[in-house]
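Summary of structural features
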Amino acid sequence: GDRLYAVSWDIHTLDPRDGKVLKVDKVANWDRPNYGTPDVFGVWNQYEQARMFVNPYFVSRTDVDPKDPSATKTGMLTLDFATGAITMADFEDSAAIMFSSVVNPVRRNEVFSVYNTLTKTDIGSNTLVKRVTLPHTYYCLNISGDGKEVYVAGTVSDIGIYSTETLERIGEIRLPDDHDMGGTWIRMVQR
């Protein structure tokens with residue numbers, strides 16, 4: 001309750017009592033040599049299980065021929081609410097679009113990301129672990145409190161349930177009357 005994070009071009013850490021800016025961490029305004037401006041699209045709130053904000057970013061290298069596959073990188077931006085630590089680290093040459101991400105609350109080095117694929121990365125070693133193709137596009141995802149299941153949602157009218165260990169589809173929840181979820185996010189509610 002003593003910090004408010006405003007995520008925009010940069011991440012501003014504010015004092016919620018008086019609005020004073022406590023610090024600014026550069027995101028789009030980073031000064032990383034040989035890199036352009038990172039593209040970050042963080043509109044989904046999926047941090048409640050692990051208390052960590054995580055978002056994929058995409059960036060072009062300025063020192064590599066644009067036709068070279070290594071010219072565009074994908075990485076993860078993380079903000080740990082417990083410590084306030086912010087990191088941005090590449091993990092692959094851009095191979096897939098990812099809209100949103102979530103951290104496993106049990107194995108906090110595991111990040112899951114979604115769009116046309118479900119991607120598992122290790123932010124401890126900054127490596128791609130596994131990627132599977134999904135039956136259709138999903139915009140958002142969330143994870144169970146025990147870290148065993150990841151749920152993909154948004155778009156269409158189903159929520160896919162996947163194993164965090166294998167990325168195998170282990171279930172599905174159909175919404176009544178096949179209503180499209182659109183640009184919503186999925187929340188986890190403890191009962």
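The rules behind these values
Residues numbered from 1 in each chain as written. Predicted model: local features only at pLDDT ≥ 70, side-chain atom pairs only at ≥ 80, totals over all residues. Heavy atoms only, no water. Phe/Tyr/Trp six-rings, centres within 6.5 Å; stacked < 30°, edge-to-face > 60°. Helix = DSSP H or I, 4+ residues; strand = E, 2+ residues; numbered from the N terminus. Buried < 20%, exposed > 50% of the residue type's maximum accessible area, 1.4 Å probe, protein only. Lys NZ or Arg CZ within 6 Å of the ring centre and 35° of its normal. Pairing = 2+ DSSP bridges. Axes fitted to C-alpha atoms, helices over the stretch in contact; angles between N-to-C directions. Contact = heavy atoms within 4.5 Å. 1 Å grid on protein atoms, 1.4 Å probe; cavity = no way out; pocket = protein on both sides within 12 Å on 5 of 7 lines; lining within 4 Å. Points joined across faces, edges and corners; volume = space filled by probe spheres on them. Nonpolar A, V, L, I, M, F, W, Y, C, P; charged D, E, K, R; others polar.

**Things to note about the packing of aromatic side chains**
Considering all chains together, one arrives at 7 aromatic pairs under this definition. Taken together, a centroid distance of 6.4 Å and an interplanar angle of 15° make the contact between Tyr115 and Tyr139 stacked. Taken as a pair, Tyr115 in strand 9 (residues 110-115) and Tyr139 in the loop between strand 11 (127-133) and strand 12 (140-143) lie far apart in primary sequence, 24 residues in all. Relative accessible area serves as the criterion here: at 26%, Tyr139 is assigned to the partly exposed category. Put simply, the rings of Tyr5, Tyr47 and Phe81 pair up and form one aromatic cluster. The ring of Tyr35 carries Arg32 above its face, with NZ or CZ at 3.9 Å from the centroid.

**Here's the deal with the sheet that holds strand 12**
Ordered in space as 12-13-14-15, the 4 strands form an open sheet in which the pairing is antiparallel. The open sheet is flanked by strand 12 and strand 15 (169-174), the only strands paired with a single partner. Averaged over all adjacent pairs, the angle separating strand axes in this sheet is 20°, with direction ignored. Relative to strand 14 (residues 158-163), strand 13 (residues 149-153) is paired through 4 bridges, and the arrangement is antiparallel. Across the sheet, the residue bridging to Glu149 is Ser163, located in strand 14.

**Observations concerning the environment of Phe53**
Tracing the backbone through its elements, the reader meets Phe53 in strand 5 (residues 52-60). Classification of Phe53 by relative accessible area gives buried; the value is 8%. For the pair Phe53 and Gly124, spaced 71 residues apart in the sequence, the C-alpha separation amounts to 15 Å. Apart from the residues lying within four places of it in its own chain, the contact partners of Phe53 are Val7, Tyr47, Leu77, Thr78, Leu79 and Phe81.

**Comments concerning empty space enclosed by the protein**
Per the stated rule, a full pass over the model turns up 1 cavity of 30 Å³ or more. Taken as a whole, the largest cavity holds about 60 Å³ of empty space. As for the largest cavity, its lining consists of Trp44, Gln46, Tyr47, Met52, Phe53, Val54, Asn55, Ser100 and Ser101. Contributions of two or more residues to the lining of the largest cavity are made by strand 5 and strand 8 (98-103). Top element by residues in the lining of the largest cavity is strand 5. It accounts for 4 residues. Among the residues forming the lining of the largest cavity, the class breakdown is 5 nonpolar, 4 polar and no charged.

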